[in-house]
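# Close look at the chain arrangement
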Amino acid sequence: MDSRQAKGMSDGIDPGNSSERVFRVAVCGPIAAVAGMAADLERLAGTRPELGLEVVTISTDGDEPRPVARMLDVLPSAALAVIVGEDPDHLTDAARAACLLAWRLTGATPMVAIAGDAGRAAEVLHPFARDLGIPAPDRIVINSNDVSSMVERHAAARRDSRSQAPLRFWVTDTAKNSSTPSTAIEGELAIGHLTLGQQVVILPSATAATVTALAPLPARDGDALPRLSVTLDRPLPPDPGCVLSDAANRPELADQVVAHIVWSGRKPMLPGRSYVVRLGNQATRAQIGALKHRVHPSTLEPMAARRLVQGDVGLCNVSFTEPLVFDHADRGDPAPRPTSRFVLEDAVDGGIVGRGEIAFTLRRATNIHWQAQAVDKISRSALKGQRPACLWFTGLSGSGKSTIATALEKRLNAMGMHTYTLDGDNVRHGLSRDLGFTDADRVENIRRIAEVSKLFVDAGLLVMVSFISPFRAERRMARSLLGADEFLEIFVDTPIEICEERDPKGLYRKARAGELKNFTGIDSPYEPPEHAEIHIAGGEAPPEVLVERILVDLKRRGLV
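Residues numbered from 1 in each chain as written. Predicted model: local features only at pLDDT ≥ 70, side-chain atom pairs only at ≥ 80, totals over all residues. Heavy atoms only, no water.

### Here's the deal with the overall build of the protein chain
The condition is simple: Runs of E in the DSSP output that reach at least two residues are strands. Runs of H or I that reach at least four are helices, and both are numbered from the N terminus. We call a residue buried when its accessible area falls under 20% of the maximum for its residue type, exposed when it is over 50%, and partly exposed in between, using a 1.4 Å probe and counting protein chains only. It only takes one pair of heavy atoms within 4.5 Å for two residues to be counted as in contact. In these tables, accessible area is a Shrake-Rupley quantity obtained with a 1.4 Å probe, and a residue counts as shielded only by the protein chains included in the view.
Looking only at helices and strands, the protein chain has 15 helices and 23 strands in total. Per-residue burial for the protein chain yields a buried fraction of 51% across its 560 residues. Partitioning the contacts of the protein chain with sequence separation of at least 6, the portion at a separation of at least 24 is 74%. Of the roughly 25200 Å² of accessible surface on the protein chain, 51% is carried by carbon and sulfur atoms.

Below you can see the structure in the form of structure tokens.
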């Protein structure tokens, strides 16, 4: 054992002196004011290397979308935000947005540096902070010396806070050099401390264990937290995604929360759409349910909204496919817990589209439990003598989806199969009668249909689903609800010219005349499937011929 391991095992690992490899300070404001403040902080960084100080500047000059986008890139990793201004009476909208985003993304109260009269600055900024819904700036500073001393104080407070917080250790790997279940795990120390003999709980399994050995691991590029090797007292092979916590002070474990969301995606955030959520070492699917409100970027007032666009901040209900381990945000903590903050990724291309901070757990997350049933899908399917599946027809309006799905069900029924067809128009007479045709409404419509389809498959049926379902993300979400062999995407690929010629409801004519808004293929996009199980050309042959082609494929798959 080397001396480094021995020290780690004898003294324990404490983030008070190891977790803050970088203390990043974001300086936001007009170019002239930012340059002077940043230069002073850079000098502080040179004279106090132990602070690990890194200075990042954000200019709020110019049009608002540009600085707000820059803030979205920088502020999530900032330990402190310094908002610089020359005149307290003329804070720009971008400066106000900087304060709001600094608080939402870092959890820390922004520090405001205003040149001029401190009394006047206080008169302006305290009501300003109240409008933001955050505590007043802990101090209004006038010169760079004051800023430097505040940065030092915040750095020390942050280290102390992380050290005194309850243990949260993200497991990222297990030892692979043994043929038997290993007691050694690797991971990142998010907050708290680890010592020999410490009693811990492995979540989400709630398995108790004792730490018998620990040692630091070499830092890797980009690491913000210390990496450790931890050995437990029993062969427990937790998979990556587990969290070690204090036995007496456990985090939350839930699948429904209310969170502040800061949206950075180019496409709008649409309630009901499925995203990938990452919180520390955990990853699962997430759906944003009700958008309670968004925050106006200038007045900072809550506003009714149905979606968020790039740079927006909103308060939302969020549901996770699997329960996550997390802490609630603590606004009084100078070191906001990383276990309360998450990122959202696009479910199709994987890019980051938003960042969130969990405010609290929804009560229904703990009050509602899945009711086990005595009769399962296997029993229902056996009684019917068939394999259940969802046949999801997608294509433009007028492509022939409903005609083909109806003809297919008729054939399957004649063969003695148990079936049902869910048609877009029929569903909008009841289940979705409250929805329109905006992108947000289309997302919610498909979410409802996907859940209903899952129930029909659970009942042992072959269910035909005939919906335009224009977005890949929602079709992918529907697929994720079912087993690998229970969802077949059937793309009825009919050119829009043929669809317009057919135009059985006169919808294309109205859309071209501007009388019908949000019509797929005209002023609302259709994203064709990239890997449909069955691809048929809707304009090539009569429906009866196309049904025969589908039946051949279903027989090959053992569904009929």
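### Quick word on unusual backbone geometry
Residue Pro204 is bonded to the preceding Leu203 through a cis peptide linkage, with omega at 15°. Looking at the secondary structure, you find Pro204 in the loop between β8 (199–203) and β9 (207–216). Look at Ser469: it is not a glycine, yet its phi comes out positive at around 35°. Ser469 sits in the buried class, given a relative accessible area of 3%. With phi around 60°, Asn518 is a residue other than glycine that occupies positive phi space. Summarising the element assignment, Asn518 is placed in the loop between α14 (507–512) and β23 (534–536). On the basis of relative accessibility, which here comes to 30%, the residue Asn518 falls in the partly exposed class.

### A few points about the nonpolar core
Keep this limit in mind: For this analysis, a nonpolar core means a set of buried residues of the types Ala, Val, Leu, Ile, Met, Phe, Trp, Tyr and Cys, connected via side-chain atoms within 4.5 Å.
Ranked by size, the top nonpolar core spans 29 residues in total, and within it Ile261, Trp263, Val318 and Leu344 carry the most contacts. If you list the elements that add at least two residues to this core, you get β8, β12 (252–263), β13 (274–279), β14 (282–295), β16 (313–326), β17 (341–346) and β18 (352–361). When neighbours within four sequence positions are excluded, Val318 is seen to be in contact with Asp255, Gln256, Val257, Ala259, Ile261, Ala286, Gln287 and Ile288.

### A short note on the packing of aromatic side chains
Note the threshold: Ring pairs are drawn from Phe, Tyr and Trp, using the six-membered ring of Trp, whenever the two centres fall within 6.5 Å, and their geometry is named by plane angle: stacked under 30 degrees, edge-to-face over 60, tilted for the rest. For a ring to carry a charge above it, either NZ of a lysine or CZ of an arginine must fall within 6 Å of the ring centroid while also lying within 35 degrees of the normal to the ring plane.
Using the criterion set out here, one finds 6 aromatic pairs in the structure. Directly above the ring of Phe471 sits Arg273, whose terminal nitrogen or CZ lies 4.9 Å from the centroid. Sitting over the face of the ring of Phe437, Arg428 holds its NZ or CZ atom 4.0 Å from the ring centroid.

### What about the environment of Ala35?
Within the secondary structure, Ala35 is located in helix α2 (residues 31–47). Each C-alpha atom of the pair Ala35 and Ser59 lies 9.3 Å from the other, and the pair is 24 residues apart in sequence.

### Quick word on the pattern of salt bridges
A side chain with one charge may pair with a side chain of the opposite charge, provided their charged atoms come close. Short version of the rule: The working definition used for a salt bridge is a side-chain nitrogen of Lys or Arg within 4 Å of a carboxyl oxygen of Asp or Glu.
Within the structure shown, the criterion is met by 23 salt bridges. Of the charged contacts, one joins Arg479 and Glu489 as a salt bridge, the two residues approaching to 3.6 Å between their closest N and O atoms. Residue Arg479 is located in helix α12 (residues 472–480), and its partner Glu489 is located in strand β22 (residues 487–492); the two are separated by 10 residues in the primary sequence. Taking the shortest distance from any N to any O, the salt bridge between Asp553 and Arg556 comes out at 3.2 Å. Taken together, the residues Asp553 and Arg556, both in helix α15 (residues 543–556) and 3 residues apart, mark about one turn of the helix.

### Some thoughts on the sheet that holds strand β20 (residues 419–423)
Test applied: Only strands joined by at least two bridges in the DSSP assignment are considered to pair. Only the stretch in contact is used when fitting a helix axis, every axis being a line fitted to C-alpha atoms; angles between N-to-C directions are given from 0 to 180 degrees.
Strand order in the open sheet formed by 5 strands is β20-β21-β19-β22-β23, and the pairing between neighbours is parallel. The outermost strands of the open sheet, each flanked by one partner alone, are β20 and β23. Recorded for the sheet is a direction-independent mean angle of 15° between the axes of neighbouring strands. Strand direction decides the pairing type here: strand β19 (residues 389–394) and β22, joined by 5 bridges, are parallel. Looking at the pairing, Trp392 lines up with Glu489 of β22. Its contacts with the sheet put helix α11 (residues 439–458) on β19, β20 and β21 (462–466), and the angle it makes with β19 is roughly 150°. Along the sheet, α12 contacts β19 and β22; its crossing angle with β22, the most-contacted strand, is approximately 150°.

### Concerning the side chain of Ser340
Residue position: Ser340 is located in the loop between β16 and β17. Ignoring any residue separated from it by four or fewer positions in sequence, one finds Ser340 in contact with Asp327, His328, Ala329, Gly356, Glu357 and Ile358.

### Section: the confidence of the model for the protein chain
The test is simple: Known as pLDDT, the predictor's confidence for each residue is given on a scale from 0 to 100.
The predicted model of the protein chain has a mean per-residue pLDDT of 79, with 73% of residues at 70 or higher. Contacts of residues 1–11 to residues separated by more than four positions or lying in other chains number 14 contacts, the stretch itself having pLDDT below 50. In this model residues 14–20 is a low-confidence stretch, pLDDT under 50, and it forms 20 contacts with partners more than four residues away in sequence or in other chains.

### Overview of the side chain of Thr494
Rule in force here: N or O atoms closer than or at 3.5 Å make up a polar contact, with two conditions inside protein: a donor-capable atom paired with an acceptor-capable one, and, for residues adjacent in sequence, both atoms drawn from side chains.
Among the structural elements, Thr494 can be located in the loop between β22 and α13 (496–502). A polar contact of 2.9 Å, which involves the side chain of Thr494, links it to the backbone oxygen of Ser399. Contacts of Thr494, omitting those with residues within four sequence positions, involve Leu396, Ser399, Cys499, Arg502, Gly538 and Gly539.

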